[in-house]
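These are the residues of each chain, in order.
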Amino acid sequence: MDAEILKFDPPAGVAQDLELGLRRLLAPNPSPMTFRGTNTYLLGTKEIAVIDPGPDLDDHLDAILASITGDQRISHILVTHAHVDHSPLSRKLAKATGAPVLAFGDVFAGRSPVMADLAARGLAGGGEGVDAEFVPDQIVREGEIISADGWEVEAIHTPGHFGNHLAFAWGDACFTGDLVMGWASSLVSPPDGDLTDFMTSCRRLNQRKWRVFHAGHGAPIEAPNDRLDWLIAHREGREREILETLGKTGAARAYDLACQIYTETPTALMGAATRNVFAHLVDLTGRGIVRPQQTLESEAIFELT
């Protein structure tokens, strides 16, 4: 990992000022999937929006509550998506503060028909883990404005990493959850992740000019549009590798393609690599570029059309 990225190492449980009206609180849940931990954001100076309360850890709950001082109160709890490192603490925080939990919907909201079909036929998600019990108090729709004393955000439905994923635009800044991060490319793991939606969401965000992204993990992204350009190009490059390899082999499963493409990947990570390739194959199938020889499933044999 780049040395500059590794410099991001704030203490967990300490609210740090990022700019006027915005603080960040790092949850104590570091891992290979979460980097230093989940970023919980505190937006506002009087009425506070907690964005991504994080994992179900009492220490983190205590840290959030301790950061609210004087005449401040938590008025809103905003959740970008229902992974276990972002949403579970919302229930305890809502109980402690009386603030409503706002999100796009439960764990099935926003899932594409293709991914719903894969899930119905038994494909389970991989990666960070799903907060299966997550249900918001209030449903937030695309373009909805959420506001309180001193702040206003616009909800942008950004599926791809997860079907119910929201980004929250705060002027020319954006809270991007796990769709766009600076420390790593986002995980897209079917059926919870959908590469077709991911690329659409990245391109939609890239239609605006942004000053900064505040992601679910890692440091602020100071060149947001450049990062989006990189993410899109990275996925397009992986697609070319898959198509070139499939052209040489004639027909192959996702796992076989992953083994030929991810030649330096440790064995323990080949499952994630295979899911990534499968995500591309599902997208390519939808676009009519490849096809499964029989049913679209993770073990299917794919060929060029």
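Scroll up to find the structure.
These lines cover the structure that appears in this document, whether it is placed above or below. Here the structure is a predicted model, which means the values were calculated and not measured.

Some thoughts on the nonpolar core
Then comes step 1: Of all hydrophobic cores here, the largest spans 24 residues; its most connected members are Val 180, Phe 198, Leu 205, Trp 210 and Phe 213.
Then comes step 2: When contributions to this core are tallied by element, the ones reaching two or more residues are β10 (166–170), α5 (195–205), β12 (212–215) and α6 (224–249).
Then comes step 3: The biggest single contributor to this core is α5, with 5 residues.
Then comes step 4: When near neighbours in sequence (up to four residues on either side) are disregarded, Phe 213 contacts Cys 174, Thr 176, Val 180, Leu 205, Pro 220, Ile 221, Pro 224 and Leu 228.
Then comes step 5: Leu 246, Ile 261, Phe 278 and Ala 300 belong to the second-largest nonpolar core, a separate cluster that totals 22 residues.

A short note on the packing of helix α7 (residues 254–261) against helix α8 (residues 270–286)
Then comes step 1: It is at 8 Å that the axes of α7 and α8 come closest, and there the two elements cross at 115 degrees. Considered as vectors, α7 and α8 are oriented roughly perpendicular to each other. Viewed along their axes, α7 and α8 form a crossing whose handedness is right-handed. Mapping the contact onto sequence places Ala 254, Tyr 255, Leu 257, Ala 258 and Cys 259 in α7 and Met 270, Ala 273, Thr 274, Val 277, Phe 278 and Leu 281 in α8.
Then comes step 2: Class assignment of the residues belonging to the contact of α7 with α8 gives a composition of 10 nonpolar, 1 polar and no charged.

How each quantity is defined
Residues numbered from 1 in each chain as written. Predicted model: local features only at pLDDT ≥ 70, side-chain atom pairs only at ≥ 80, totals over all residues. Heavy atoms only, no water. Core = buried A, V, L, I, M, F, W, Y, C linked by side-chain atoms within 4.5 Å. Buried < 20%, exposed > 50% of the residue type's maximum accessible area, 1.4 Å probe, protein only. Helix = DSSP H or I, 4+ residues; strand = E, 2+ residues; numbered from the N terminus. Contact = heavy atoms within 4.5 Å. Axes fitted to C-alpha atoms, helices over the stretch in contact; angles between N-to-C directions. Parallel < 35°, antiparallel > 145°, perpendicular 65-115°, else oblique. Left-handed = near helix turned anticlockwise from the far one by under 90°. Nonpolar A, V, L, I, M, F, W, Y, C, P; charged D, E, K, R; others polar.

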